[in-house]
Amino acid sequence: MHQTRTRAALVAGALVVAVGVLGACSPEADEPAAVLPAGPSPSPTVDAAEQQAVEAAEQTLQDFYDLGAKVGNDGFASWQMMQGFWTDDEQWQAQRTTYEQRVADGWKTEGAATFTDVQASDFDPGGDSPGDERVTLEVCNDTSGVTTLDEDGAKVPRAEGVPERFTVVYTMSARGEDRWGIDSREADTEQSC
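**Some remarks on the overall build of the protein chain**
Logical step 1: In terms of helices and strands, the protein chain carries 3 helices and 6 strands.
Logical step 2: The order of helices and strands in the protein chain, counted from the N terminus, is α-α-α-β-β-β-β-β-β.
Logical step 3: Expressed as a percentage of the 193 residues in the protein chain, the buried residues total 44%.
Logical step 4: Summarising the internal contacts of the protein chain: among those between residues at least 6 apart in sequence, 71% fall at separations of at least 24.

In structure tokens, the structure reads:
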């Protein structure tokens, strides 16, 4: 049971990291370099409004990863800052539990997760007014640049079978023009991307 709980905690931690939910810089540390994700390839059928919505959702996701890195690198003490990204209370509560456990365990991270190979797999324009759009982004989450440390500063090993790179699907919705939130996140940690 302890091994299952540890594996679940490490997978959740990898997601938190992956989601950018894992690292924050201390005032003395250099800020982790932002890695800009590759944008989806525009297709001839994608109109300008859809492309703009996808780009705005991607930027929100980048901000989420960046802040997550700062929070994790700071020992998760400021995890409450991550709440503003979530639109679904159940999803947020799951994240909150993970953050609280990280603080209780004394864990912290070094480095930052990144995402690449962004594909907009679904787009819903919503109603007639801007700000109702929904988009689904599939990304390759890369946690290879993140090290998780326990309260003694020892490296926490990655859960067995969890690759450093795996696909994460984010469903995001507009919260007004150019402001987006994360409705859900699903990770496929069984296969590398």
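**Looking at the nonpolar core**
Logical step 1: The biggest cluster of nonpolar side chains holds 33 residues, and the ones touching the most others in it are L61, F64, Y170 and M172.
Logical step 2: Here this core takes 9 residues from helix 2 (residues 48–73), the largest share from any one element.
Logical step 3: For L61, the residues in contact, after removing those within four places along its chain, are F115, L137, V139, Y170, M172 and I182.

**So, the packing of aromatic side chains**
Logical step 1: Counted by the stated rule, this structure contains 9 aromatic pairs.
Logical step 2: Relative to W86, the ring of F64 lies with its centre 5.7 Å away and its plane at 85°, an arrangement referred to as edge-to-face. On the criterion of sequence distance, the pair formed by F64 in helix 2 and W86 in the loop between helix 2 and helix 3 (89–105) is long-range, its members being 22 residues apart.
Logical step 3: A relative accessible area of 0% places F64 in the buried class.
Logical step 4: A network of ring pairs unites the aromatic residues F64, Y65, F85, W86, F115 and Y170 as a single cluster.

**Some words on the pattern of salt bridges**
Two side chains of opposite charge can pair, provided their charged atoms sit close to one another.
Logical step 1: Per the stated rule, a full pass over the model turns up 4 salt bridges.
Logical step 2: Where D183 meets R134, a salt bridge forms, and the shortest distance between an N and an O atom there is 2.8 Å. Residue D183 is located in strand 6 (residues 180–188), and its partner R134 is located in strand 3 (residues 134–142); the two are separated by 49 residues in the primary sequence.
Logical step 3: Under the relative-accessibility criterion, D183 is labelled buried at 12%.
Logical step 4: We note a salt bridge from D142 to R165, for which the minimum N-O separation is 3.4 Å. With D142 in strand 3 and R165 in strand 5 (residues 165–174), this residue pair connects regions lying 23 residues apart in the sequence.
Logical step 5: In this structure D142 comes out as buried when scored by relative accessible area, which is 12%.
Logical step 6: One continuous salt-bridge network, built from bridges that share partners, spans D117, D142 and R165.

**Here's the deal with the sheet that holds strand 6**
Logical step 1: Read from one edge of the open sheet, 4 strands run 2-3-5-6, paired in antiparallel fashion. The open sheet is flanked by strand 2 (114–124) and strand 6, the only strands paired with a single partner. Between one strand axis and the next, the sheet turns by 25° as a mean value, whatever way the strands run.
Logical step 2: Examined bridge by bridge, strand 3 and strand 5 share 9 bridges and lie antiparallel to one another.

**A closer look at helix 2**
Logical step 1: Counted at 1.5 Å a residue, the expected span for helix 2 with its 26 residues is 38 Å, and the 38 Å between its end C-alpha atoms agrees.
Logical step 2: The N-cap of helix 2, judged by a side-chain oxygen 2.7 Å from the amide nitrogen of E50 a few residues on, is D47.
Logical step 3: Phi turns positive, to about 80°, at G75, one or two residues after helix 2.

Rules of the game
Residues numbered from 1 in each chain as written. Predicted model: local features only at pLDDT ≥ 70, side-chain atom pairs only at ≥ 80, totals over all residues. Heavy atoms only, no water. Helix = DSSP H or I, 4+ residues; strand = E, 2+ residues; numbered from the N terminus. Buried < 20%, exposed > 50% of the residue type's maximum accessible area, 1.4 Å probe, protein only. Contact = heavy atoms within 4.5 Å. Core = buried A, V, L, I, M, F, W, Y, C linked by side-chain atoms within 4.5 Å. Phe/Tyr/Trp six-rings, centres within 6.5 Å; stacked < 30°, edge-to-face > 60°. Salt bridge = Lys/Arg side-chain N within 4 Å of Asp/Glu carboxyl O. Pairing = 2+ DSSP bridges. Axes fitted to C-alpha atoms, helices over the stretch in contact; angles between N-to-C directions. Expected span 1.5 Å × (residues − 1). Polar contact = N/O pair within 3.5 Å; in protein donor to acceptor, adjacent residues only side chain to side chain.

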